[in-house]
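# Per-entry structural report
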Amino acid sequence: MNYKNEPLHISTPVPNGTYEVTVSVTAHENITLTILSQSRRFMIQDAHMAKGDARDFTFNVSVCDYHKNNEAYTNVSGVELDILCDGSFSAVSAVSPVKIPIIYIAGDSTVTDQPAEYPYNPKSTYCGWGQMFPRLLNTGIAVENHAQSGSNTMDFLKVNFNAFKDKITEGDFLIVEFGHNDQKVETLDAFGGYSKNLRYFVNFAREKGACPILVSPINRIIFKEDGTLLNLLGDYRNAVKTVCEEMNVPFIDLWTRTTGFFEAAGALKAWDYFWGNDTDRDYTHTNDIGGDIVSRFVADEILKNNIKPISDLIKKDMISVEMPKRNRTAVPPNPKEIEHLKTIGLVNTPLADLDKDITKI
């Protein structure tokens, strides 16, 4: 949905904690609306209402301070809501504290809460799967996304982790996905420093009585001429799998799920799921359409792993993904792409001169 107007913002001051939020909406004409919380986390997406309809939307929100690398510690002082709509409506919100589990997410730019510009365009809006994930959950659990663009496991443990590691408690979850930036640091090779840090996350969560979940990194859409993707993160996927098997941790294999999906789409259609505008393309970061798809993969993998109580709270009617069909008559401009993809100096991956990443968004 291409919403034309800036969102309606509603702020409710409350201390750090988990809350049940109800937004009561009255439609003044036929409308489609989306409700976002905190730093653009999707709680309700593309809900349709007819003129005169009144409807309550209820969901859970986590309010938590955060600390990003190279930024000051940030105190979060309330529930922040933004309502995007393509027509006229009125809305009020009610907020009440609840004691429920929290899913804390640690990760990089492919996971983080990305901002948007308005007028809103989902194709040219960066999106991490972590900000799309809350809309797939019924009430009874909250999502707290601390992922940051440019982050690797070492940076995150030194900075971001400090804002919430003392808040993780029994019954909570810690989902961890890194790799894209670890492969830029020589000491964070897949089976070395990267795996060591994954083990630290696992042990820490368990000491707190929380459940760790490890996720392999999504693949980048850099295609070879035969239509398959370059294996730029396969070692990091295998390292995650190895740690999961070693420590009996649930394994969410986004590398395999995204590789299969984007190879099915092909080099041209895959662009539909990644950030782009009229002149530039990104081969690492999904847009809102791609973030939507990847979040469904996460939910589906949680169901397959039977990770309770999350699996019991997933909106199962919202997670199916239809595999795309490649236009095999279209030929991607490979020489131009290869020139465009030079180089950011990865050290732990083959064919480093064919990779591109944006870490300062």
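Read on for a plain summary of the structure.

Reading the values: rules and limits
- Residues numbered from 1 in each chain as written.
- Predicted model: local features only at pLDDT ≥ 70, side-chain atom pairs only at ≥ 80, totals over all residues.
- Heavy atoms only, no water.
- Helix = DSSP H or I, 4+ residues; strand = E, 2+ residues; numbered from the N terminus.
- Buried < 20%, exposed > 50% of the residue type's maximum accessible area, 1.4 Å probe, protein only.
- Contact = heavy atoms within 4.5 Å.
- Phe/Tyr/Trp six-rings, centres within 6.5 Å; stacked < 30°, edge-to-face > 60°.
- Pairing = 2+ DSSP bridges.
- Expected span 1.5 Å × (residues − 1).
- Bend = angle between axes of the 7 residues up to and from the residue.

### Examining the overall build of the chain
In terms of helices and strands, the chain carries 8 helices and 14 strands. When burial is assessed residue by residue, the chain has 55% of its 361 residues classed as buried. By sequence separation, contacts in the chain at least 24 residues apart represent 76% of the contacts at least 6 residues apart.

### Let's talk about the packing of aromatic side chains
Taken as a whole, this structure holds 19 aromatic pairs when the rule is applied. Centre to centre, the rings of Phe161 and Phe204 are 4.9 Å apart; their planes meet at 65°, and the pair counts as edge-to-face. In this pair, Phe161 is assigned in the loop between α2 (153-158) and β10 (173-177) and Phe204 in helix α3 (residues 190-207), connecting sequence segments 43 residues apart. Residue classification places Phe204 among the buried positions, given a relative accessible area of 12%. Through pairs of rings, three or more aromatic residues link up here, namely Tyr104, Phe156, Phe161, Phe164, Phe178, Tyr200, Phe201 and Phe204.

### With respect to the pairing of strand β9 (residues 142-145)
Here β9 shows two buried faces, one formed by Ala142 and Glu144 and the other by Val143 and Asn145. Of the pairings in the sheet, the one linking strand β8 (residues 102-107) to β9 comprises 4 bridges and is parallel in character. Its bridge partner being in β9, Ile105 is matched across the sheet by Asn145.

### Focus: helix α5 (residues 254-269)
Taking 1.5 Å per residue, 16 residues should reach 22 Å; α5 reaches only 19 Å between its end C-alpha atoms and comes up short. The largest bend in α5 amounts to roughly 60° and is located at Glu263. Residues Leu254, Trp255, Thr258, Thr259, Phe261, Phe262, Ala265, Gly266 and Ala267 constitute the buried set of α5.

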